[in-house]
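Residue-level structure breakdown
Take a look at the letters that make up each chain.
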Amino acid sequence: MKTVENIFEAVIQQEGTLFKQPEVFTLEYLPEILRFREKQLRAMINHSRTLNNDHAPTNMEITGPYGTGKTTAVKKYFELIENKFNVATAYINCEFDKTENQMLTKIYNKLYKKSVKTGVTTNILKNKIVNYLGKTEKVLVVCLDDYGSNKISGDDIDQINKVMYTLLRAHEIDHKAKISLITITNRRYINFVLSQSVETIFRPVNVNFDAYTLNEINIILSDRCELGFARGVISEEVIYMVAEHAYREGDLRIGIRCLYDAGRNAELVGSSTIGREHLDF
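The structure reproduced in this document is the subject of the present report. All figures in this text were calculated on a predicted structure; none of them were measured in a lab.

**Focus on the overall build of the protein chain**
When helices and strands are tallied, the protein chain shows ten helices and five strands. If you line up the protein chain on its principal axes, its C-alpha atoms span 70 × 45 × 40 Å. Expressed as a percentage of contacts within the protein chain between residues at least 6 apart in sequence, the contacts between residues at least 24 apart total 74%. By element, 49% of the accessible surface of the protein chain is carried by carbon and sulfur atoms, the whole surface being about 15500 Å². For the protein chain, the centre of its 36 positive side-chain charges and the centre of its 36 negative side-chain charges are spaced 7 Å apart.

**Some remarks on the layout of surface pockets**
Its volume calculated, the largest pocket comes out at about 920 Å³. If you list the elements that add at least two residues to the lining of the largest pocket, you get α3 (70-84), β2 (87-93), β4 (178-185), α8 (214-228) and α10 (252-268). A class-by-class count of the residues in the lining of the largest pocket yields 14 nonpolar, nine polar and twelve charged.

**What to know about the pairing of strand β3 (residues 139-145)**
Counting buried residues in β3 gives seven out of seven residues, a clear majority hidden from the surface. Burial of the side chains of β3 extends over both faces: V139, V141, C143 and D145 are buried on one face and L140, V142 and L144 on the other. Where β2 meets β3, seven bridges bridge the pair, whose relative direction is parallel. Counted as the bridge partner of Y91 is C143 from β3. Examined bridge by bridge, β3 and β4 share seven bridges and lie parallel to one another.

The rules behind each value
- Residues numbered from 1 in each chain as written.
- Predicted model: local features only at pLDDT ≥ 70, side-chain atom pairs only at ≥ 80, totals over all residues.
- Heavy atoms only, no water.
- Helix = DSSP H or I, 4+ residues; strand = E, 2+ residues; numbered from the N terminus.
- Contact = heavy atoms within 4.5 Å.
- Areas by Shrake-Rupley, 256 points an atom, 1.4 Å probe, with all protein chains shown as cover.
- Lys, Arg positive; Asp, Glu negative; His and termini not counted.
- Charge placed at Lys NZ, Arg CZ, Asp CG, Glu CD.
- 1 Å grid on protein atoms, 1.4 Å probe; cavity = no way out; pocket = protein on both sides within 12 Å on 5 of 7 lines; lining within 4 Å.
- Points joined across faces, edges and corners; volume = space filled by probe spheres on them.
- Nonpolar A, V, L, I, M, F, W, Y, C, P; charged D, E, K, R; others polar.
- Buried < 20%, exposed > 50% of the residue type's maximum accessible area, 1.4 Å probe, protein only.
- Pairing = 2+ DSSP bridges.

Next comes the structure, spelled out in C-alpha cells:
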C-alpha cells in the first residue's frame, strides 16, 4: 500500500503532457504580435514622435471596455520605446499602489533598479526621481492603470491627483526632467478623477479600444492555444466554445483563463485531450 508521502511524491513529480508554454495563459504574458490593435499602437506611436527630438510623448488617455487589450498594448508600447529611445517607463496599477508614496516608490524602483529603503519620505522620492532624470536626461513615461476603477475611493483619487500634479510639473524643478503620463480606464477621466489643477496641465489625447468581435476573440484564443498547448490536444470546436463564452462576458481575459483551467482539469483526470467536459462554464 502506498503511503501518503509516496502518493504526494508521485503526483508532485508527474509531468504535464498538455501544456507546452503555460505562461501564455497568464495576464502577464506579452504576445510578440498584438492582434487587432495595430490601429491603437500606431496612434500611440504617432503621439510619441517627439521622442526623436528627446522630448516626452503627448500625454495619453487609453479607454475602452474591460478585457480589450489596453494594458497589454501599453506594455508593448513601453517595450518598443525603451528599445528605441533614451526612455524609462513605469507601470503602476492604481488598485494596488494607491498612495502617493507607493506610486513614487514604484517609479523610483524602476529608475534605480533597486528597492527603496523603508521609511523614505514622499519628498525625498520626488527629489530622487527628478535628480535621476536630470542626470541621465532620460524621458520618463508613466502609466497609471485602472485609475478610474470602482474600487478606488475618494481618498485614493486625491493621492492620484497629487502624483500626477508632481510628475506633470517636475520640469519646473529641473528642465531636464521630461515626463509623460498615460492613464488606462474604462471611463472617460473628466467627470470623475482629475482635479482642475491637474486637468489643465494633463490634457491627454484619447486612444480608444473597441470591444473585440467574436471572430477576433476566437483568433486570439487560437493563437494562445497554438503556443501554449501541445499539438492536437484541443480542437477548434472547443476553442470556439470558449471564444463564445468570453464574447458573451465581454472580456477576452475570461477566455484565456478558461483555457488554462480547462487544460489543468483535463490533466487532473488523466485526459490526453481537452474536451467540452473540462470547461468550467
